[in-house]
Amino acid sequence: MSNHDQPLEQPLLRVTDLAKSYGGHAACREVSFDLWPGEILAVVGESGSGKTTLLKCISAQLACDDGRIEYLMRDGVMRDIHSLSEAERRFLMRTDWGFVHQNPREGLRMRVSAGANIAERMIAVGARNYGKIRGTAEDWMDQVELDPARVDHQPNTFSGGMQQRLQIARNLVTHPRLMFMDEPTGGLDVSVQARLLDLLRSLVTKMQLSAVLVTHDLAVARLLSHRIMVMQGGEVIETGLTDQVLDDPQHPYSQMLVSSILPV
Ligand code: ADP
Ligand code: MG
């Protein structure tokens, strides 16, 4: 983050004039931003403001109607994700990128064991040794505060908070260069949310993750993000450093959002 003014450094992700409509309804309009290596960008806004649509478009899960989405590949070349072959895109999704869904059922395979959920992504990056794969899976369960003794248990025997932690472990095991997270603490009890938030905070610091984090919860943005982008009706209305946006919002909508959600 401190090197942003060096002209040679490139963003990890550059989104330019992205647009996506459903029928005649514009869910995202003219969305542009850069994500820098090591940065956590929180996308905030009320329900229906286009956050999930944006996240799905930039992670190549949904085709956008217009705009460029450029990603800094491992070889240092910026590539528009639309120009990638299907195999290249699949490889990114399995290895370089992680996606944490709000609903862990969308991000986990519920009919295989917890260990197999983690192993699947390790195998995608070439791991072959059974003992090593199992050991790493157990280690990752431990890192997300799941009992490694449950490595053979299926995720549907886990609580919602445990499933979410397993989804995080499954994604982080390949050391992704870019994480996409859609309301990672949404849909959980408040005490479970707080624990997950603590865990996420220590993991993003330890692993120096870069992430686009979608949340309607400004407290989550405050704890995890360096920068905030506020969306309203599919458009970006304000972007700035997290503390600046939350302590001194400029746009009337951001002011309303901050005053209605954060207790003074
Ligand atoms: P958020 O994640 O901020 O709640 P979404 O991206 O889910 O917002 O939705 C943005 C807008 O697009 C909303 O008006 C929503 O109703 C609409 N929308 C989202 N997904 C679809 C879809 N699959 N079909 C039609 N409209 C959709
Ligand atoms: Mg959403």
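Residues numbered from 1 in each chain as written. Chains lettered and ligands numbered in written order. Predicted model: local features only at pLDDT ≥ 70, side-chain atom pairs only at ≥ 80, totals over all residues. Heavy atoms only, no water.

Break down the nonpolar core for me, with residues and values.
The biggest cluster of nonpolar side chains holds 48 residues, and the ones touching the most others in it are V44, I118, W140, I168, L172 and I228. If sequence neighbours within four positions are ignored, I168 has contacts with V100, V144, L196, L200 and L203. (Core = buried A, V, L, I, M, F, W, Y, C linked by side-chain atoms within 4.5 Å. Buried < 20%, exposed > 50% of the residue type's maximum accessible area, 1.4 Å probe, protein only. Contact = heavy atoms within 4.5 Å.)

Give me unusual backbone geometry: which residues, what numbers.
Phi at A60 is positive, roughly 65 degrees, even though this residue is not glycine. Within the secondary structure layout, A60 lies in the loop between α1 (51-58) and β4 (66-72). Among the residues examined, A60 registers a relative accessible area of 21% and is labelled partly exposed. At E183, a residue that is not glycine, the phi angle is positive and equals roughly 45 degrees. Relative to the assigned elements, E183 resides in the loop between β7 (178-182) and α7 (190-207). (Helix = DSSP H or I, 4+ residues; strand = E, 2+ residues; numbered from the N terminus.)

Mind laying out the environment of S202, listing which residues take part and the relevant values?
Along the chain, S202 falls in helix α7. Note on S202: relative accessible area 41%, which makes it partly exposed. In this structure the C-alpha to C-alpha distance between S202 and L224, which are 22 residues apart in sequence, comes to 9.5 Å. In terms of polar contacts, S202 uses its side chain to reach the backbone carbonyl oxygen of L199, at 3.0 Å. (Polar contact = N/O pair within 3.5 Å; in protein donor to acceptor, adjacent residues only side chain to side chain.)

Tell me about the sheet that holds strand β1 (residues 13-22), residues and numbers included.
Strand order in the open sheet formed by four strands is β2-β1-β4-β5, with antiparallel pairing between adjacent strands. Pairing within the sheet leaves two strands with one partner each, and these edge strands are β2 (25-35) and β5 (78-80). The mean inter-strand angle of the sheet, taken between neighbouring strand axes irrespective of direction, is 25 degrees. With three bridges joining them, β4 and β5 adopt antiparallel strand pairing. Looking at β5, one finds that Y71 is bridged to R79. (Pairing = 2+ DSSP bridges. Axes fitted to C-alpha atoms, helices over the stretch in contact; angles between N-to-C directions.)

Residue-level account of the side chain of S113, with values.
Mapped onto the secondary structure, S113 falls in the loop between α3 (104-107) and α4 (114-124). Looking at S113, its side chain comes within polar contact range of the main-chain nitrogen of A116, at 3.0 Å. The contact partners of S113, leaving out residues within four places of it in the chain, are V151, D152, H153, Q154 and P155.

Explain the layout of surface pockets to me, and be specific about the residues and the numbers.
For the largest pocket, the calculated volume is near 330 Å³. What lines the largest pocket is a set of 15 residues, and nearest its centre among them are M93, F99, R121, R170 and N171. Counting residues per element, the ones that place at least two in the lining of the largest pocket are α2 (86-96), β6 (97-100), α3, α4 and α6 (160-172). Ranked by the residues each element gives to the lining of the largest pocket, the list is headed by β6, at three residues. (1 Å grid on protein atoms, 1.4 Å probe; cavity = no way out; pocket = protein on both sides within 12 Å on 5 of 7 lines; lining within 4 Å. Points joined across faces, edges and corners; volume = space filled by probe spheres on them.)

I'd like a description of the sheet that holds β7, backed by residues and values.
Here six strands make up an open sheet; going across it, the order is β6-β7-β8-β3-β9-β10 and the pairing mixed. Strands at the two margins of the open sheet, each flanked by one partner only, are β6 and β10 (235-241). Pairs of neighbouring strands in the sheet enclose a mean axial angle of 15 degrees, with direction left out of account. The pairing of β7 with strand β8 (residues 211-215) spans four bridges and is parallel. Along β8, the bridge assignment pairs M181 with L213.

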